[in-house]
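# Working through the structure, step by step
Take a look at the letters that make up each chain.
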Amino acid sequence: LLDKGCTVVSCTAGRIKESLAGLAANPDLIITDSQVFQEVVAAKPAECRLTSFSVLFAAYKGDINAFTEGARALEHLNGNSRILIAEACTHAPASEDIGRVKIPRMLRRRFGDGLGIDIVGGTDFPDDLSPYSLIIHCGACMFNRRYVLSRIAAARKQGIPITNYGIAIAWLKGILDKVALPE
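Residues numbered from 1 in each chain as written. Predicted model: local features only at pLDDT ≥ 70, side-chain atom pairs only at ≥ 80, totals over all residues. Heavy atoms only, no water.

### Notes on the environment of Ser-54
Tracing the sequence through the fold places Ser-54 in helix 3 (residues 53-61). Here the alpha-carbon distance between Ser-54 and Tyr-165, two residues 111 residues apart in the chain, equals 6.4 Å. Excluding residues within four positions of it along the chain, Ser-54 makes contact with Ser-34, Asn-164, Tyr-165 and Gly-166. (Helix = DSSP H or I, 4+ residues; strand = E, 2+ residues; numbered from the N terminus. Contact = heavy atoms within 4.5 Å.)

This is the structure in structure tokens:
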């Protein structure tokens, strides 16, 4: 953003109203963490576009159209569906890890405790994706674009929809239509 000559203001979700009030004009774009989409949607001026780091990475590292199309599969899930959550990182998960705890919690609240969720990290991506109704991929900050596109291609070849964390969270929160998607 700085390289593009943008003015950048940084704040926590809890301080967004205060930060916006201190500006001479509303920002053109607000970039947030996907986990606080609803708080930011509620606090932002209607004319400000909103996106998240994960949504930006969906376009930067992957294929935004494939990930957005893949999110439609969420409409067809049920308590017997099976989902693969794919993380690029191999880090030790935090207690409230987004991919291992928060997204599975959101999915089970929506579709029931019988929902099957498998989680893989790093390069541990299954060759056979046929058991899955959907793949939800992280932002892939640890992978290059070519590697992420190869995963998307593998999913497409096997007919398995794929989306990413930010787009899936926006859909689960009912605000995907309010999120600015990169072109």
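### Considering the pairing of strand 1 (residues 29-32)
Burial along strand 1 is one-sided: Ile-30 and Thr-32 are buried, and none of Leu-29 and Ile-31, which face the opposite way, are. Pairing between strand 1 and strand 2 (residues 49-52): 4 bridges, direction parallel. Opposite Ile-30, over in strand 2, you have Leu-50 as the bridge partner. Handedness of the β-α-β unit built from strand 1, helix 2 (residues 37-43) and strand 2 comes out right-handed. (Buried < 20%, exposed > 50% of the residue type's maximum accessible area, 1.4 Å probe, protein only. Pairing = 2+ DSSP bridges. Right-handed = clockwise from strand over helix to strand, strands pointing away.)

### Let's talk about the side chain of Ser-52
Structurally, Ser-52 can be placed in strand 2. For Ser-52, a relative accessible area of 0% translates into the label buried. Within polar-contact distance, the side chain of Ser-52 engages the backbone nitrogen of Val-55 at 3.1 Å. Among residues more than four places away in sequence, those in contact with Ser-52 are Ile-31, Thr-32, Asp-33, Ser-34, Phe-37 and Gly-166. (Polar contact = N/O pair within 3.5 Å; in protein donor to acceptor, adjacent residues only side chain to side chain.)

Keep in mind these numbers describe shape, not what the thing actually does.
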